[in-house]
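Understanding the architecture of this molecule
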Amino acid sequence: MKLWGGRFEKATDRSVDDFHSSISFDQRLAEQDILGSIAHATMLGEQNIIPQADADTIVSALAHMLEEVRAGTLAFSVDAEDIHMNIETILTERIGEAGKRLHTGRSRNDQVALDVRMYAMAAIRTAQENLRALIRALLSIARENLYTVMPGYTHLQRAQPITLAHHMMAWVEMLLRDIERLNGAYARADSMPLGSGALAGTTYPLNRERVRELLGFSRITNNSLDGVADRDFLLEYLSSAAISMMHLSRFCEEVILWASAEFQFIELDDGFATGSSIMPQKKNPDVAELIRGKTGRVYGDLMALLTAMKGLPLAYNKDMQEDKEAFFDAHDTWMKCLTTFTGMMQTARFRREKMARAAEGGFTNATDAADYLVKKGMPFREAHEVVGKLVLHCLKDGKAINDLSLAGLKEFSPLFAEDVYEAISILACVRGRNLPGGPAPEAVEAAIAQAEARLERL
Ligand code: ARG
């Protein structure tokens, strides 16, 4: 018999039970559901809406069920449809009459909104911890590589020299924003919806503030329709996840490139790479590729919920049950990607000599050669032209700018003097870029200190 079976003359078709039952995935909300019910029952007793003795019986039976859930010993049934009715059914089987009073002044609509909010708040904190761990790993790579020069790229063409530390700090900045973005999502999830009822509140004298306090929320929702119809907080979680996965995916793309024989900037630890079943020489960056691949899946979860919500009239509609699988899938996927990626980066070896050689080839100091001429008085546009010709000449001879003799350089401009070699050495090019945010070792050291302080505050 369904908890809502009163007005029905016929049992639900088996195919419908299988179709609309959500217990297979919403049992993940068991703890939140029980904690919410404990707070609700406590308040019902305090307000004399149900007898205090019944409230006490409910609370202690629920506390026991919570232990069983944590131990993995509470079994659920598909007939009871979802986690809310499973918990209530088991409770009533155990304590009889009193259990039937629990749902007074409450609907599954505000109940599920509460459970998902609580789950989302915990998920956000987990995501932030995992992002933090990755940031710490990158900060330690940065600290060790303040002087590791490498080419910076635009269009994947060598552009200007930077350092590995500077490059890592770019990723740190993005990941710090990912943490901040989640703070916004948390702030909006942190609103207690019980008391919204099915849609129009309730006539019982509930104490919403008391339930808020018992559950540790910062505030209560302001409108009963919105309280049950809002899934923005999940969409914010999913969009934060999608953006962060985009960051991870881009980072993975670099790792994949860097691990290739063409770059050789990084050597992945054997524990974080895989082999080929046919080609004995292969060491593949599968982890990075899989993260790049799974990014599409998290985007899909975001799209699924955005699309499920876009046409729904107020307030609750069953379509909204689709929120949970998208949310759980995105959360699980993102967390697995984050933790595995962190392990991969912590164990990777950077090939500093290859990076330095790449920075020295490819004319990454051409801008500095032009800037050198500018400092000697030549207008920049003219200096650009002179160095462009110089590069063309070097390309034909297979040389770098600093391989030319001073006499050879003077053929392109009489302004070149002996001090040019120092001025366009790769390390000098990096050191010279010492504005805040630049790659010079002292600028990156300052950026690292700032990032550490920000991480503390977040
Ligand atoms: N299992 C439902 C969900 O996840 C719970 C709310 C059901 N409410 C209702 N009126 N059918 O959305």
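Residues numbered from 1 in each chain as written. Predicted model: local features only at pLDDT ≥ 70, side-chain atom pairs only at ≥ 80, totals over all residues. Heavy atoms only, no water.

**Thoughts on the overall build of the protein chain**
Helix and strand counts for the protein chain come out as 19 helices and six strands. Relative to a compact globule of 458 residues, whose C-alpha radius of gyration would be 23 Å, the protein chain shows 30 Å and is clearly more extended. Taken along the three principal axes of its C-alpha coordinates, the protein chain extends 100 × 50 × 40 Å. The burial tally for the protein chain puts 51% of its 458 residues in the buried class. Sequence separation of at least 24 residues holds for 76% of the intrachain contacts in the protein chain that already meet a minimum separation of 6. Just so you have it, the protein chain exposes about 21600 Å², and 53% of that area is on carbon and sulfur atoms. (Helix = DSSP H or I, 4+ residues; strand = E, 2+ residues; numbered from the N terminus. Rg over C-alpha atoms; globule rule 2.2 N^0.38 Å. Buried < 20%, exposed > 50% of the residue type's maximum accessible area, 1.4 Å probe, protein only. Contact = heavy atoms within 4.5 Å. Areas by Shrake-Rupley, 256 points an atom, 1.4 Å probe, with all protein chains shown as cover.)

**Focus on the packing of aromatic side chains**
Enumeration according to the criterion identifies 12 aromatic pairs in this entry. When the ring of Trp-171 is compared with that of Phe-251, the centres are 4.4 Å apart and the planes differ by 10 degrees; the resulting orientation is stacked. Within this pair, whereas Trp-171 is found in helix H7 (residues 164–189), its partner Phe-251 is found in helix H10 (residues 232–258), the two being separated by 80 residues in sequence. Here Trp-171 matches Phe-251 in class, with each residue buried. Among the aromatic residues, ring-to-ring pairing joins Tyr-119, Tyr-237, Phe-327, Phe-328 and Trp-334 into one connected group. Between the NZ or CZ atom of Arg-7 and the centre of the ring of Phe-8, over which it lies, the distance is 5.6 Å. The cationic tip of Arg-125 hangs over the ring face of Tyr-186; the distance from NZ or CZ to the ring centre is 3.6 Å. (Phe/Tyr/Trp six-rings, centres within 6.5 Å; stacked < 30°, edge-to-face > 60°. Lys NZ or Arg CZ within 6 Å of the ring centre and 35° of its normal.)

**Notes on the UniProt feature "domain: Fumarate lyase N-terminal" (unreviewed entry) in the protein chain**
Following the UniProt record, the feature "domain: Fumarate lyase N-terminal" (unreviewed entry) maps to residues 6–300 here. For residues 6–300, the helix share is 61%, the strand share is 6%, and the end-to-end C-alpha distance is 39 Å. (UniProt positions renumbered as here; feature names shortened; annotations may be inferred.)

**What about the site of the ligand?**
For the ligand, the full set of nearby residues is Ser-22, Asp-26, Asp-82, His-84, Arg-108, Asn-109, Val-112, Tyr-316, Gln-321 and Lys-324. For the ligand, a nitrogen atom lies 2.8 Å from a polar atom in the side chain of Gln-321. Burial of the ligand by the protein amounts to 87% of the accessible area it has alone, namely 340 Å². Tallying contributions element by element places helix H6 (residues 108–144) first for the shell around the ligand, with three residues. Looking at the shell around the ligand, its residues break down into two nonpolar, four polar and four charged. (Near = heavy atom within 4 Å. Polar contact = N/O pair within 3.5 Å; in protein donor to acceptor, adjacent residues only side chain to side chain. Nonpolar A, V, L, I, M, F, W, Y, C, P; charged D, E, K, R; others polar.)

**Considering the nonpolar core**
Within the largest apolar cluster, 114 residues are counted, with the highest numbers of intra-cluster contacts made by Leu-138, Met-168, Tyr-237, Trp-258, Trp-334, Phe-341 and Met-345. If you tally residues by element for this core, the top one is H6, at 17 residues. Each residue touching Met-345, except ones within four places of it in the same chain, is listed here: Leu-138, Ile-141, Met-168, Phe-251, Val-255 and Phe-350. The next biggest cluster of nonpolar side chains, apart from the first, holds 19 residues, and it includes Ala-366, Ala-369, Val-391 and Leu-409. (Core = buried A, V, L, I, M, F, W, Y, C linked by side-chain atoms within 4.5 Å.)

**Thoughts on the state of the cysteines**
The final tally for this structure, using the stated rule, is zero disulfides. The thiol of Cys-337 is unpaired, and the distance to the nearest cysteine sulfur, on Cys-252, comes to 7.7 Å. This cysteine, Cys-429, is not joined by any disulfide, and Cys-394 carries the nearest cysteine sulfur, 14 Å off. (Disulfide = S-S within 2.5 Å.)

**Section: the environment of Glu-46**
Mapped onto the fold, Glu-46 is located in helix H3 (residues 30–46). Placed 160 residues apart in sequence, Glu-46 and Leu-206 show a C-alpha to C-alpha distance of 9.6 Å. Every residue in contact with Glu-46, bar those within four places of it in the chain, is listed here: Gln-52 and Arg-210.

**Comments concerning the pattern of salt bridges**
Under the counting rule described, the total for this entry stands at 30 salt bridges. Linking Lys-283 and Glu-267 is a salt bridge whose minimum nitrogen-to-oxygen distance equals 2.9 Å. Placement of Lys-283 in the loop between strand E5 (266–267) and helix H11 (286–309) and of Glu-267 in strand E5 is noted, with a sequence separation of 16 residues between them. The partner of Lys-389 in a salt bridge is Glu-385, with the nearest N and O atoms 2.7 Å apart. Of this pair, Lys-389 and Glu-385 both sit in helix H15 (residues 380–397), four residues apart, which is roughly one turn of that helix. (Salt bridge = Lys/Arg side-chain N within 4 Å of Asp/Glu carboxyl O.)

**Re the side chain of Asp-17**
Positionally, Asp-17 belongs in helix H1 (residues 14–20). Judged by relative accessible area, Asp-17 falls into the buried class, the value being 6%. Setting aside anything within four residues of it in sequence, one finds Asp-17 in contact with Lys-2, Thr-12, Val-78 and Asp-79.

**Notes on the environment of Arg-28**
On the secondary structure map, Arg-28 appears in the loop between helix H2 (23–26) and H3. Placed 112 residues apart in sequence, Arg-28 and Ser-140 show a C-alpha to C-alpha distance of 36 Å. Leaving out residues up to four positions away in the same chain, Arg-28 has contacts with Tyr-119, Phe-328, His-331 and Asp-332. Side-chain polar atoms of Arg-28 contact the side chain of Tyr-119, separated by 2.8 Å.

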